Amino acid sequence: MTALGWGPGLRLSIREHGGLIFVGADRQGVFHVTKQGHVRLPAVVRQWCGLVAGDRVLLAADPAIGRLVLHPPASLDVVVARVHAEAIKGDEA
């Protein structure tokens, strides 16, 4: 939140695309940064990516465009599988 310059009360938009969750500042957003400086993911957002209580996510802030990207476990599995497949192909060459 500090890297993005986001503080309590900031209105946010949250959307899913390609298995990732994108969060950005939005004057008309229906979500907001909490008083504690957190972004809470509503149940409908968690359902988009199959998140359940206790799941860990990878957070990636992109201050240049003012966006937070959440990578759920399923998206990380895809990335790791792709990297491993490419590494194995390169090792066989």
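Residues numbered from 1 in each chain as written. Predicted model: local features only at pLDDT ≥ 70, side-chain atom pairs only at ≥ 80, totals over all residues. Heavy atoms only, no water.

## Some thoughts on the sheet that holds strand S1 (residues 11-17)
Ordered by their spatial adjacency, 5 strands build an open sheet running S3-S1-S2-S5-S4, and the pairing between neighbours is antiparallel. Either end of the sheet is taken by a strand with one partner, and the two such strands are strand S3 (31-32) and strand S4 (58-62). Sheet analysis places S1 next to strand S2 (residues 20-25), joined by 6 bridges and oriented antiparallel. Among the inter-strand pairings, Ile14 is bridged to a residue of S2, identified as Val23. (Pairing = 2+ DSSP bridges. Helix = DSSP H or I, 4+ residues; strand = E, 2+ residues; numbered from the N terminus.)

## What about the nonpolar core?
Ranked by size, the top nonpolar core spans 13 residues in total, and within it Trp6, Ile14, Ile21, Val23, Leu41, Leu68 and Leu70 carry the most contacts. When residues of this core are traced back to their parent elements, those giving at least two are S1, S2 and strand S5 (67-71). (Core = buried A, V, L, I, M, F, W, Y, C linked by side-chain atoms within 4.5 Å. Buried < 20%, exposed > 50% of the residue type's maximum accessible area, 1.4 Å probe, protein only.)

## Observations regarding the pairing of S1
Sheet topology note: the S1/S3 ladder contains 2 bridges and is antiparallel. Following the sheet pairing, Arg11 is matched in S3 by His32. What sits between S1 and S2 in their antiparallel hairpin is a turn of 2 residues, with Gly18 showing a positive phi close to 60 degrees.

## Here we look at the pairing of S2
The buried count for S2 comes to 5 of 6 residues, which makes it a mostly enclosed element. By the bridge criterion, 4 bridges tie S2 to S5 in an arrangement that is antiparallel. Residue pairing for S5: Phe22 is matched across the bridge by Val69.

Honestly, it's all geometry; don't read function into it.
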